[in-house]
Amino acid sequence: MKPTDIKDPEYFHKVVDCQYACPAHTPVPEYIRLIAMGRYSDAYMVNWESNVFPGVLGRTCDRPCEPACRRGRVEDEPVAICRLKRVAADNKDDTEISARMPDIPARKNGKKVALIGGGPASLTVARDLMPLGYSIDLYDDQPTGGGFMRSQIPSFRLPETVLNQEVNYILDMGVVTQFNTYVDSLQSILDKNYDAVFVGTGAPRGRDLDIPGRRQGEANIHIGIDWLSSVAFEHTEKIGKKVIVLGGGNTAMDCCRTSMRLGADSVSVIVRSPRAEMKASPWEIEDAEREGIPMFENHVPLEFVVKDDKLVAMKFDRVKAVYDDSGKRSLVSLGKEPVLIECDDVCIAIGQDNSFPWIERDLGLDFGKWDMPMVNSVTFQSTNPKVFFGGDAAFGPENIITAVAHGHQVAVSIDLFINGEDVNKRPAPGVTLVSQKMGIHEWSYDSDVVNDVRYAVPHAEVQLSLKDRLMEVELGFDQDTGFAEAQRCLNCDAQTLFVEAKCIECDACVDICPTDCITFTTNGTQDDLRTRLSAPANNLAQDLYLSNDSLPTGRVMIKDEDVCLHCGLCAERCPTAAWDMQKFLYHVTKAGQ
Amino acid sequence: MSYIKPAFRHPDLPVNDLGYTKKNYEGAISTLCAGCGHDSISAAIVQAIFELSIAPHQVAKLSGIGCSSKTPTYFLGDSHGFNSVHGRMPSVATGANMANRDMIYVGVSGDGDTASIGMGQFTHAVRRNVNMMYVVENNGCYGLTKGQDSATSDVGSMSKKGEPNPFEAIDLVSVALQLGATFVARSFSGDKEQLIPLIKAAISHQGFAFIDIISPCVTFNNNPGSTKGYEYVRDHLAATGTVDFVPMKEELTTSYQSGTAEEVTLHDGSVVHLYKGDESLDIHNRRSALKLIKDYKAQDKILTGLLYMDADSQDLHETIGTSNKPLRSLTEQDLCPGNKVLQNINDSLR
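Scoring rules and cut-offs
Residues numbered from 1 in each chain as written. Chains lettered and ligands numbered in written order. Predicted model: local features only at pLDDT ≥ 70, side-chain atom pairs only at ≥ 80, totals over all residues. Helix = DSSP H or I, 4+ residues; strand = E, 2+ residues; numbered from the N terminus. Rg over C-alpha atoms; globule rule 2.2 N^0.38 Å. Buried ≥ 20, exposed ≤ 12 C-beta atoms within 10 Å, placed from the backbone. Contact = placed C-beta atoms within 7 Å. Domains from an automatic or database assignment. Nonpolar A, V, L, I, M, F, W, Y, C, P; charged D, E, K, R; others polar. Expected span 1.5 Å × (residues − 1). Pairing = 2+ DSSP bridges. Axes fitted to C-alpha atoms, helices over the stretch in contact; angles between N-to-C directions. Core = buried A, V, L, I, M, F, W, Y, C linked by C-beta atoms within 7 Å. pLDDT = per-residue confidence, 0-100. Left-handed = near helix turned anticlockwise from the far one by under 90°.

A. A look at the overall build of chain B. When helices and strands are tallied, chain B shows 12 helices and 13 strands. What you see for chain B is a C-alpha radius of gyration of 21 Å, in line with the 20 Å of a compact globule of 350 residues. Viewed in the frame of its principal axes, chain B has a C-alpha envelope of about 75 × 50 × 45 Å. Taken across its 350 residues, chain B has 47% of its residues classed as buried. For chain B, restricting intrachain contacts to residue pairs at least 6 apart in sequence, the fraction spanning at least 24 positions comes to 71%.

This is the structure we're talking about:
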């Protein structure tokens, strides 16, 4: 194997599993340490720079960081990263945060950008471009900003005050908003001579279910995302006593829990697939079940039963999942009598699609498969160089944090494009690597690994919260629990650096390492080396850190990054400081930096 | 100073026959200097006893005074331990061994504790062939008292202070051979591939098993001019060959060229395989070992590896015909067999 090139910023970036997994690459351990220190405003700003909506995401993020967290490989549960983010947002000093918002130049640079859609992607583009002096017009058909964060996420998960605050941090930079304005023609926007146009219109069309009775039952059959939106804007205030929610994703979870709050007595979630394949986040399923909502798996809808022009029930066929050799699933009927479930209303939450009826097809903007615009996955530029896409509008439904990540990249592209530079030349990430040594055996970070198991977030009383659609269910960690949970972080950004020239091969690091990460042996291929290490190295997704072969015995040092606790004992026990713990800070370079 | 070791271990650690992982054989975190060879020896003992699937409570660790003698705290935290007076570990070990022959005795000592203050004790444990493993963690200096030359420091060797040692060294391996030790080996703390099989063989050996382990003192004796620093030892290392220890229940699966390998079967049926690096060594012949040690020394080489063993030796219990059960298991019935037995004894003396 070749020696590891630790000068490549991506090597150590990958070691910080949470940050690497985050689409926006938020420096997670950095802000978790700040939370532990009680520096909530600082922790908030680290987040805000990177993910723009810490308060929103601290409640609603899909948390790709948590399954990646190293702690989950060392013990059962990852660090509660998402809910720690909320601790920073809940405890920040609002006055201080407002004062720390970027300065917006009074003298504009004379360039105009249009943002279509007021969701997280558009707002992120605005956030990055406003401080550079751009003039920005934002169009949205809703009465206020936030996009799906406002219309799709119920208030019992995301209070309006939290959302408003973070949306306003950006709008208050001087974005010219055109709310209640549905853009029905891209041509009309292009005609206004913007220097660049960003499309962040999401995936606004909920899938329908075309089975018998659909049209007859129309009055009581709702498309999930439209219905949630109508609840959010208070056009809908009640629902029938018996409700069926079709679908197993997060929208279904929001529909069923919202129904409970709008007067339903019994709500059932009915899913075609086996429960294990439901797309909803496990914690959202848990939250729904805590409110007494049952989930029925393996039921395929057959018919809406309508009596006297009123929806009265639905019929389902019972199926089982069968998998072929390539793992492809088919749902095979059990051939049993259909199941009849009574209902007054049905919410269909079986997915959502993109929809661009408002984009004329003669603008030099090519559409490809599934009638999706052709968008470069790095620059987010469409085939019309002035038009950029991001968020769900670019490649289909994802989540808020992905939309934010897109927004940052779009801002970089727009800034390059307007300045006449090549959008394909992306700026390198900002990287720092600094020794954490304070004394002979002291580190500037808390290297002690605590044994605590993951702390549970307290919830409001179910009976109370079901009565009030606006009452937040999750209460968030208090400061003490937040501190304790923060201490579970392994500080994976405190990197172990090895200097061959200093090593005397005394084995002290090998002997002390609690998780047997380090081996000195003769070099070989990676497959061969993985069989010869101090402990099994079966996690191929994790790299081996290899020294060069200049050690006195001609052997190489190999460190399996997989379950390294970043406790610093290798560096503490090293008599020659051949090991050093160095804090690695990686940030994605933003527009204009 | 490092004082906290995280509780987490690698989730896929191998398990031995008793269902234990290596963690069950660890001790407290070491308080020795960072980089001390002794910590490597502790790790090798942990690994060897883990691999032998010996239950920790069946082991007694005994030591005297010194850096080396502190180390039993840092391995086998669930075993019995006794920190004796300086240099007096051999007599405590002998006593313990006499009282309970079923335990496994691991004696850990240093060059001061053995070759200076404890020399008299050491020699008698050797000649009595007490059934134990006796390890000397040999760094050629008195590290605990700021690095004065010890009795095993080579003549002319310089410690950190910079003065060449004017005295001839005591070669503990040669002394042990001459006094009749029945298992003699030398090794280096930085070579676990050699050391772990030697420890396993020494523990399985019935009788006095002696291993002299060169273990550099990073703080006081790891400088240019020292003959016991990491660099010097690595440059001057020679080995009698490689040793493989195969427990009774396993079969040797690797094949080696005939003629170069020698097998020695131990009393419990396990086998020590020696793949000789030097054809002239006869590991059943003390004189062969003594000669070879001198020959290598003359070439400025440190000869390591298994040097001598007598698998059929008679240990102290057999020699003096002691109880074949541990004393603690003797009942009142065993100890006071009654008037009739006394009468028989008296009759036999009339």
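B. The arrangement of the domain arrangement of chain A in detail. Residues and elements named next belong to chain A. Here chain A is partitioned into domain 1 (10-100 + 447-486), domain 2 (112-204 + 354-418), domain 3 (206-352) and domain 4 (494-587). Placing the centre of domain 1 and that of domain 2 at their C-alpha centroids yields a distance of 26 Å. Contacts between the two partners involve 19 residues from domain 1 and, on the opposite side, 23 residues from domain 2. It is helix 5 (residues 54-60) that provides the largest number of residues to the side of domain 1 that touches domain 2, a total of 5 residues. In the side of domain 1 that touches domain 2, the residues fall into 11 nonpolar, 4 polar and 4 charged.

C. Seen up close, helix 4 (residues 40-51) of chain A. Residues and elements named next belong to chain A. Look at helix 4: 16 Å from first C-alpha to last across 12 residues, which is about the 16 Å you get at 1.5 Å a residue. Taking burial as the measure, the 12 residues of helix 4 include 10 buried ones, the bulk of the element. Among all positions of helix 4, only Y40, S41, A43, Y44, M45, V46, N47, W48, S50 and N51 are buried. Those residues of helix 4 that are buried are in contact with helix 3 (28-36), helix 5, helix 8 (81-91), helix 9 (94-100), helix 18 (400-418) and strand 24 (579-587). Looking one or two residues beyond helix 4, the residue adopting positive phi is V52, at roughly 65°.

D. Molecular detail of the sheet that holds strand 24 of chain A. All names here are of chain A. Across the sheet, which stays open at both edges, the 3 strands sit in the order 17-24-20 with antiparallel pairing between neighbours. Of all the strands in the sheet, just strand 17 (430-435) and strand 20 (494-498) have a single pairing partner and so form its edges. Pairs of neighbouring strands in the sheet enclose a mean axial angle of 35°, with direction left out of account. As paired elements, strand 17 and strand 24 share 6 bridges and run antiparallel to each other.

E. Looking closely at the pairing of strand 4 (residues 196-199) of chain A. Residues and elements named next belong to chain A. Both faces of strand 4 are covered, namely the face carrying A196 and F198 and the face carrying V197 and V199. Where strand 1 (residues 112-116) lies against strand 4, 4 bridges are found, and the strand directions are parallel. Opposite I116, over in strand 4, you have V199 as the bridge partner. Across 3 bridges, the pairing between strand 4 and strand 16 (residues 387-389) is parallel. Counted as the bridge partner of F198 is F388 from strand 16.

F. Structural view of the nonpolar core. By size, the foremost hydrophobic cluster in this structure holds 211 residues, and its most contacted members are I35, L129 and F198 of chain A together with V184 of chain B. The contact partners of V184 of chain B, leaving out residues within four places of it in the chain, are V173, A176, L177, F210, A289, L307 and Y308 of chain B. The next biggest cluster of nonpolar side chains, apart from the first, holds 38 residues, and it includes C255, V346, I348 and I350 of chain A.

G. How the structure looks around the pairing of strand 24 of chain A. Where strand 20 of chain A and strand 24 of chain A come together, 5 bridges link them in antiparallel fashion. The residue of strand 24 of chain A that forms the bridge with A494 of chain A is K583 of chain A.

H. Here's a closer look at the confidence of the model for chain B. Confidence along chain B averages 93 in pLDDT terms, with 96% of residues attaining 70 or more. In the predicted assembly, ipTM is 0.90 and pTM is 0.90.

I. Representation of the packing of helix 3 (residues 89-99) of chain B against helix 5 (residues 119-128) of chain B. All names here are of chain B. At their nearest, the axes of helix 3 and helix 5 sit 7 Å apart, and the two run at 35° to each other. Between helix 3 and helix 5, the contacting residues are P90, S91, A93 and T94 on the first element and Q121, F122, H124, A125 and R128 on the second. The residue inventory of the contact of helix 3 with helix 5, partitioned by class, reads 4 nonpolar, 4 polar and 1 charged.

J. Structural context of the sheet that holds strand 1 of chain A. Residues and elements named next belong to chain A. One open sheet holds the 5 strands; their spatial order is 3-2-1-4-16, and the pairing between them is parallel. The outermost strands of the open sheet, each flanked by one partner alone, are strand 3 (176-178) and strand 16. Each strand of the sheet is rotated relative to its neighbour by a mean of 20°, with strand direction disregarded.

K. Region of interest: the environment of P216 of chain B. Residues and elements named next belong to chain B. Position of P216 relative to the elements: it lies in the loop between strand 8 (208-214) and helix 8 (230-235). C-alpha of P216 to C-alpha of G190: the two residues are 26 residues apart in sequence and 8.8 Å apart in space. Setting aside residues up to four positions removed in sequence, P216 forms contacts with G37, N139, S189, N221, N222, K228, G229, Y230 and V233.

L. Structural view of the interface of chain A and chain B. Tallying the contact residues gives 29 residues for chain A and 24 residues for chain B. Those elements that provide at least two residues to the side of chain A that touches chain B are helix 7 (71-74), helix 21 (508-512) and helix 23 (569-573) of chain A. In terms of residue count, helix 23 of chain A provides more of the side of chain A that touches chain B than any other element does, 3 residues in total. Tallied by class, the residues present in the side of chain A that touches chain B amount to 15 nonpolar, 5 polar and 9 charged.

M. Seen up close, helix 9 (residues 286-298) of chain B. All names here are of chain B. The first and last C-alpha atoms of helix 9 sit 18 Å apart over 13 residues, in line with the 18 Å expected at 1.5 Å per residue. Packing partners of the buried residues in helix 9 comprise helix 6 (172-178), strand 7 (183-188) and strand 13 (302-309). Within two residues after helix 9, D300 carries a phi angle of roughly 65°, on the positive side.

N. Inspection of the environment of A460 of chain A at higher detail. When you line up the elements, A460 of chain A lands in the loop between strand 19 (442-443) and helix 19 (462-465). C-alpha separation for the pair A460 of chain A and I136 of chain A, spaced 324 residues apart in sequence, amounts to 41 Å.

O. The packing of helix 8 of chain A against helix 20 (residues 479-486) of chain A, seen in detail. All names here are of chain A. Where helix 8 contacts helix 20, the axes come no closer than 10 Å and their chain directions differ by 140°. The interaxial crossing formed by helix 8 with helix 20 has left-handed handedness. Contacts between helix 8 and helix 20 involve L84, V87 and N91 on the former and, on the latter, Q479, G482, E485 and A486. Here the residues of the contact of helix 8 with helix 20 are counted per class, giving 3 nonpolar, 3 polar and 1 charged.

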